[in-house]
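Analysis of the macromolecular model
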Amino acid sequence: MSFKTALLGMTILAMAAPALAQTIDTEETKLDTVIVSGSRLDQTATEVGSSVSIISAETIDKLGFDFALDAIASAPGVTINQSGSFGGNATVRIRGASSDQTLVLMDGVPINDPSGTGGGYNFAYLDTENIERIEVLKGPQSTLWGSDAIGGVVAITTKRPEDGLGGSAFGEYGSFNTFRGGASIGGANDTGDFRIAATGITTDGISKADEANGNTEDDGYDSTTLSARGGLNLPSKMRLDGTLLYSEATSEYDSYSGGAQGSTADGDESTESDSLSGNLSLKVPLFDDRLENLFVVGYSDITRKNFTDGAQSYLAEGDRAVYRYQGTFTVNPANKLAFGAEREETTANDSDSTIDGLFALYEYKPVEKLTLTGGVRVDDTDTFGSKTTGRVAAAYSATDQVLLRASWGQGFKAPSIFQSTYVCSFCGLTEPNANLKPETSEAYDLGVEWNSLDGRAQAGVTVFHQETENMIDFSYTAGYDNIAFVESQGVELTGGYQFTNWLGVSANYAYIDAEDGNGNALVRMPEHSGDVTVSLDPEGPLSGAVLVRYNGEEPNSSGGMLDSWTRVDLTGRYDLTDSVELFARIENLFDEQYQEVLGYGTPGLSGSVGLRLRY
């Protein structure tokens, strides 16, 4: 399906529908009302003992993030690396953990790539248009979510329909002959709700291999995303929900070149990716809503093909099915218990694996301002035995202005299908490593948050420490083996001040000291990083923001150091009418030349302008 065909069809459908004016709530969401879905206990942000960053659709719109990767990078303690803009392989690392140790959830269902080398998720193609919220839970979360959540969880919630019938359509054009657009329509009433949307982007792009190294050939990128979600309100307060997300993308990239920086230079390479994810859930409340039963069936699959000089050179296919039951029983206002079972079946390139899990979580509130949480989980793999993980957490509102958090947790990650089935023939091996073991981690963090009496000022500090053992890496003696140990520790700072009702500033900073077992700093991991955002929203139709992003120097794969960099982006919006908005963005205002991955370039000064219709 072509992007233009899908986009045109959705735009016509959206604009032809009967329109009702939509009111957009621009007030800041309070922490004591935000429900953190990743906690599995429907806790508010003030009840969660773990460190969590919440990125709302409002923030995404304000800062003009087209891709989820850029939005996630705004969370302190998160490091992103992309092998060239516009479709280059993109990873997310939390507090020094490997990108393969970040579990990614879409509406509660894992979407990590089971066919990947380490089973991680490639963030290169994920558009923000259909995202309502992103939660970044830091530290091991395996007690909550099982394998892969060894470093943290990125939980993505897609947009829900609003009451009545309405929709939106947008289009923007920018540098590198880039066109991005989309449309949506949705509605809700007492019977149920629905929302369908299409989004796409096409661009000539830039050279994946850095142009500063003489690479002049542009590498294009095209993608289309279709999404749908709906629900039915059934008798006895039951609720049936379903979501579906489909994405296809084609990205050109450059070739291996042994003598070039980063071993990459201009070449005729491309990759095609098709992914599908969805879930069906049923909520059944019992005993006057004290027991909520949740039944979930989720599915995701991905197909990746690489081409060299037009001929297919690589194929990978994988899928995952998840079957989950969770019961949440509210004993009384002070005691809540969650319990459940999960089964995860994954397949990749004609091999498969299964993990069965049982978990129990307990929330205790001895007083209104103190929330204590504990949990235990047992995961039984079909190949690597069983693993038990635990966690405890506490959140205490010491005063109306001060919130204290603390958590300790364990994590584990079963070897991926690729790692457990790989035979290194050029190493002289004839079978996979039969002694491969799961990776494990243990971590704690302590934090304090403060808000001024008038609500204008906020500040927070979190310290953390994490150790990961039996990390899997390539070995010429065993193929893949448990040969690595990583220790990371650091501090995260956040702050903000609202000078007036239309002018505010916020900032975050992270210091991460991450080393392997030999005391060597981890590759592609800066010690220092941070953001500063200035938001302007005066009375009237005009609003905007300035984002300053800093990334400190970091070790690269060749043994040297990548230089630090600072990038400045500007965004602005102007309401032409109550339902029509003009928006624009300038990226890399001062044309900073930098690399996120050795040998791969990034865009210089660039921008875009667009129009959005809401009704």
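Structure shown above.
Structure report, in brief.

Right, let's get into the overall build of the protein. Secondary structure assignment for the protein yields five helices and 33 strands. Taking 2.2 N^0.38 as the reference for a compact globule, 615 residues should give roughly 25 Å; the C-alpha atoms of the protein span a radius of gyration of 24 Å, in line with that estimate. Structurally, the protein occupies a C-alpha span of about 65 × 55 × 45 Å along its principal axes. Looking at the protein as a whole, 52% of its 615 residues are labelled buried. The long-range fraction of contacts in the protein, counting pairs at least 24 apart against all pairs at least 6 apart in sequence, stands at 60%.

Quick look at the side chain of Thr-264 now. Here Thr-264 is to be found in strand β15 (residues 264-286). Side-chain polar atoms of Thr-264 contact the backbone oxygen of Ser-255, separated by 3.5 Å. Setting aside residues no more than four positions away along its own chain, Thr-264 makes contact with Ala-209, Asp-254, Ser-255, Ser-257, Gly-599 and Tyr-600.

What follows deals with the sheet that holds strand β3 (residues 52-56). Pairing is mixed across the open sheet formed by five strands, whose spatial order is β3-β8-β9-β6-β7. Of all the strands in the sheet, just β3 and β7 (109-110) have a single pairing partner and so form its edges. When strand β8 (residues 131-138) meets strand β9 (residues 152-158), the two strands line up antiparallel, connected through seven bridges. What sits directly across from Lys-138, in β9, is Gly-152.

Time to look at the nonpolar core. Ile-72, Val-78, Val-92, Phe-123, Leu-126, Ile-134 and Ile-156 are the most contacted members of the largest nonpolar core, which totals 36 residues. A per-element tally of this core places helix α3 (residues 68-72) first, with four residues. Ignoring any residue separated from it by four or fewer positions in sequence, one finds Ile-134 in contact with Ser-53, Ile-54, Ile-55, Ile-60, Ala-68, Ala-71, Ile-72, Val-154, Ala-155 and Ile-156. Ranked by size, the runner-up nonpolar core spans 16 residues in total, among them Ala-45, Leu-103, Trp-145 and Ala-155.

Further remarks concern unusual backbone geometry. Positive phi values are uncommon outside glycine, yet Asn-349 reaches one of about 50 degrees. Here Asn-349 shows up in the loop between β18 (335-348) and β19 (351-367).

Let's shift gears to a negative patch on the surface. Taken together, Asp-204, Glu-211, Glu-217, Asp-218, Asp-222, Glu-252, Asp-268 and Asp-309 make up a surface patch of like negative charges. Locating Asp-222 in the fold gives a position in strand β13 (residues 221-233). Residue classification places Asp-222 among the partly exposed residues on the basis of a relative accessible area of 35%.

This brings us to the pattern of salt bridges. Taken as a whole and assessed by the stated rule, the structure comprises 31 salt bridges. Two residues, Arg-40 and Glu-342, come together in a salt bridge whose shortest N-O distance is 3.5 Å. Pair noted here: Arg-40 is in the loop between β1 (35-36) and β2 (43-44) and Glu-342 is in strand β18, with a separation of 302 residues, a long-range link. Judged by relative accessible area, Arg-40 falls into the buried class, the value being 6%.

Turning next to the pairing of strand β16 (residues 291-308). Two elements, β15 and β16, share 18 bridges in a ladder whose sense is antiparallel. Each bridged residue has a counterpart across the sheet, and for Lys-283 the counterpart in β16 is Leu-294. Hairpin geometry of β15 and β16 is characterised by an intervening segment of four residues between the two adjacent antiparallel strands and by a positive phi of about 55 degrees at Phe-287. Relative to strand β17 (residues 311-332), β16 runs antiparallel, the two being bridged by 18 bridges. Bridge pairing links Asn-293 to Gly-327 in β17. The turn joining β16 and β17, which pair antiparallel and follow one another in sequence, is formed by two residues; a positive phi near 50 degrees is taken by Asp-309.

This model, assessed by the stated rule, comprises 17 aromatic pairs. Centroid distance Tyr-125 to Tyr-221: 6.1 Å. Interplanar angle 10 degrees. Geometry classified as stacked. With Tyr-125 in the loop between β7 and β8 and Tyr-221 in strand β13, this residue pair connects regions lying 96 residues apart in the sequence. The class of Tyr-125 is buried, set by a relative accessible area of 13%. Here the aromatic residues Phe-418, Tyr-422, Phe-426, Phe-474, Tyr-476 and Tyr-480 are joined through ring pairs into a cluster of three or more.

If you trace the backbone, Leu-234 turns up in the loop between β13 and β14 (239-256). With 103 residues separating them along the chain, Leu-234 and Leu-337 place their C-alpha atoms 25 Å apart.

This paragraph deals with the environment of Ser-99. Relative to the helices and strands, Ser-99 is located in the loop between β5 (90-94) and β6 (102-106). Exposure remark for Ser-99: the relative accessible area of 19% places this residue in the buried category. Sequence spacing of Ser-99 and Gly-120 is 21 residues, and the spatial spacing of their C-alpha atoms is 6.3 Å. Among all residues touching Ser-99, those that are not within four sequence positions of it are Thr-91, Val-92, Arg-93 and Gly-120.

Its place among the elements puts Asn-279 in strand β15. The buried category is assigned to Asn-279, whose relative accessible area is 10%. Leaving out residues up to four positions away in the same chain, Asn-279 has contacts with Met-106, Asp-107, Val-109, Asp-241, Gly-242, Thr-243, Val-296, Val-297 and Gly-298.

Time to look at a nonpolar patch on the surface. A cluster of nonpolar residues, Leu-542, Tyr-574, Leu-576, Leu-582, Val-609 and Leu-611, forms a patch on the protein surface that exposes about 520 Å² of accessible area. Mapped onto the elements, Leu-582 comes out in strand β32 (residues 580-587).

Let's shift gears to the environment of Cys-427. By secondary structure assignment, the location of Cys-427 is in the loop between α5 (417-421) and β23 (439-451). Classification of Cys-427 by relative accessible area gives buried; the value is 19%. Residues Cys-427 and Ser-475, spaced 48 residues apart in sequence, show a C-alpha to C-alpha distance of 8.9 Å. Excluding its chain neighbours within four sequence positions, the residues that come into contact with Cys-427 are Phe-474, Ser-475 and Tyr-476.

The rules behind these values
Residues numbered from 1 in each chain as written. Predicted model: local features only at pLDDT ≥ 70, side-chain atom pairs only at ≥ 80, totals over all residues. Heavy atoms only, no water. Helix = DSSP H or I, 4+ residues; strand = E, 2+ residues; numbered from the N terminus. Rg over C-alpha atoms; globule rule 2.2 N^0.38 Å. Buried < 20%, exposed > 50% of the residue type's maximum accessible area, 1.4 Å probe, protein only. Contact = heavy atoms within 4.5 Å. Polar contact = N/O pair within 3.5 Å; in protein donor to acceptor, adjacent residues only side chain to side chain. Pairing = 2+ DSSP bridges. Core = buried A, V, L, I, M, F, W, Y, C linked by side-chain atoms within 4.5 Å. Patch = residues over 30% accessible without salt bridge, like charges linked within 9 Å, V, L, I, M, F, W, Y side chains within 5 Å. Areas by Shrake-Rupley, 256 points an atom, 1.4 Å probe, with all protein chains shown as cover. Salt bridge = Lys/Arg side-chain N within 4 Å of Asp/Glu carboxyl O. Lys, Arg positive; Asp, Glu negative; His and termini not counted. Charge placed at Lys NZ, Arg CZ, Asp CG, Glu CD. Phe/Tyr/Trp six-rings, centres within 6.5 Å; stacked < 30°, edge-to-face > 60°.

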